[in-house]
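Coordinate analysis (summary)
Spelled out from the first residue to the last, the chains are:
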Amino acid sequence: MRLENLDWAPSKTKLRQFGILLVIFGTLFAVVSIPKESNGYLWIIGPIALGLAGLVGIFVPTFLRWPFVFWTLAVFPIGWTISQTILLAIFFFVFLPIGLVFRVLRRDALNLKLSNQPSFWNMAPAKIDSSRYFRQY
């Protein structure tokens, strides 16, 4: 994904889905992060703010436009880095070993090896009777 492909004007459906996710994560945040000893209001205010923002965003989707765009910009580098790392791993752990094995076995599927022939022209197969085209099976 490229930076210019980011969704700068998300649809109302996408913003409502984002609001629903905020409500879900606010609830999970409240359940998981309930401290044993209350040492601040962050553990109470954070989940409430997420849940309220999500609820407002469900009914008024344009309220969540800028948080959605900010969140998209914030997580873009993470997604880009992970996708490049996965592509690099696929290349080094799949294609490179296959290529090395083919090189050791001297496999030349494309006939790229140079030889002492006067021409590299490959002859076409003999002409096939055109009546066979009318017999599909």
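Just so it is clear, the structure is predicted and the values come from calculations on it, not from any experiment.

Here's the deal with the overall build of the chain
Along the chain, the regular secondary structure elements total three helices and zero strands. Ordering the α and β elements of the chain from the N terminus gives α-α-α. The C-alpha atoms of the chain give a radius of gyration of 30 Å, which is well past the 14 Å a tight globule of 137 residues would have. Reported as C-alpha extents along the three principal axes, the dimensions of the chain are approximately 85 × 45 × 30 Å. Across the chain, every contact between residues at least 6 apart in sequence was considered, and the portion connecting residues at least 24 apart equals 76%. Accessible area of the chain: about 12200 Å², with a carbon and sulfur share of 71%.

Details of the packing of aromatic side chains
Any two aromatic rings considered together are summarised by their centre-to-centre distance and by the angle between their planes. Following the criterion strictly, the structure yields two aromatic pairs and no others. Ring geometry for Phe18 and Phe68: centres 5.4 Å apart, planes at 80°, overall edge-to-face. Note that Phe18 is positioned in helix H1 (residues 12-32) and Phe68 in helix H3 (residues 65-104), a separation of 50 residues in sequence. In this pair, the class of Phe18 matches that of Phe68, namely buried.

Focus on the nonpolar core
One finds Leu15, Phe18, Leu22, Leu64 and Phe68 forming the largest nonpolar core, which totals five residues. When residues of this core are assigned to their parent elements, the largest contribution, three residues, is made by H1. The contacts of Leu64, once residues within four sequence positions are left out, are Leu15, Phe18, Gly19, Leu22, Ala53 and Gly57.

Structural notes on the packing of H1 against H3
Following both chains from N to C, one finds H1 and H3 inclined at 80°, their axes separated by 10 Å at the closest point. Taken together, the axis directions place H1 and H3 in an arrangement best described as roughly perpendicular. Of the residues in H3, those in contact with Lys14, Leu15 and Phe18 of H1 are Arg65, Pro67, Phe68 and Trp71. Among the residues making up the contact of H1 with H3, the classes are represented as five nonpolar, no polar and two charged.

Let's talk about the confidence of the model for the chain
In the predicted model, the chain carries a mean pLDDT of 86, and the fraction of residues at 70 or more is 94%. Per-element mean pLDDT across the chain ranges from 86 in helix H2 (residues 42-59) up to 94 in H3.

So, the environment of Leu50
If you trace the backbone, Leu50 turns up in helix H2. Among all residues touching Leu50, those that are not within four sequence positions of it are Leu22, Val23 and Gly26.

Quick word on H3
With 40 residues, H3 ought to run about 58 Å at 1.5 Å a step, and its terminal C-alpha atoms sit 56 Å apart, in line with that. The largest bend along H3 measures about 35° and falls at Val75, with the proline Pro77 one to four residues further on. Among the residues making up H3, those that are buried are Phe68, Val69, Thr72 and Phe76. For H3, the secondary structure elements touched by its buried residues are H1.

Here we look at unusual backbone geometry
Phi is positive for Arg106, close to 55°, though the residue is something other than glycine. Position of Arg106 relative to the elements: it lies in the segment after H3. For Arg106, a relative accessible area of 68% puts it in the exposed group.

Reading the values: rules and limits
- Residues numbered from 1 in each chain as written.
- Predicted model: local features only at pLDDT ≥ 70, side-chain atom pairs only at ≥ 80, totals over all residues.
- Heavy atoms only, no water.
- Helix = DSSP H or I, 4+ residues; strand = E, 2+ residues; numbered from the N terminus.
- Rg over C-alpha atoms; globule rule 2.2 N^0.38 Å.
- Contact = heavy atoms within 4.5 Å.
- Areas by Shrake-Rupley, 256 points an atom, 1.4 Å probe, with all protein chains shown as cover.
- Phe/Tyr/Trp six-rings, centres within 6.5 Å; stacked < 30°, edge-to-face > 60°.
- Buried < 20%, exposed > 50% of the residue type's maximum accessible area, 1.4 Å probe, protein only.
- Core = buried A, V, L, I, M, F, W, Y, C linked by side-chain atoms within 4.5 Å.
- Axes fitted to C-alpha atoms, helices over the stretch in contact; angles between N-to-C directions.
- Parallel < 35°, antiparallel > 145°, perpendicular 65-115°, else oblique.
- Nonpolar A, V, L, I, M, F, W, Y, C, P; charged D, E, K, R; others polar.
- pLDDT = per-residue confidence, 0-100.
- Expected span 1.5 Å × (residues − 1).
- Bend = angle between axes of the 7 residues up to and from the residue.

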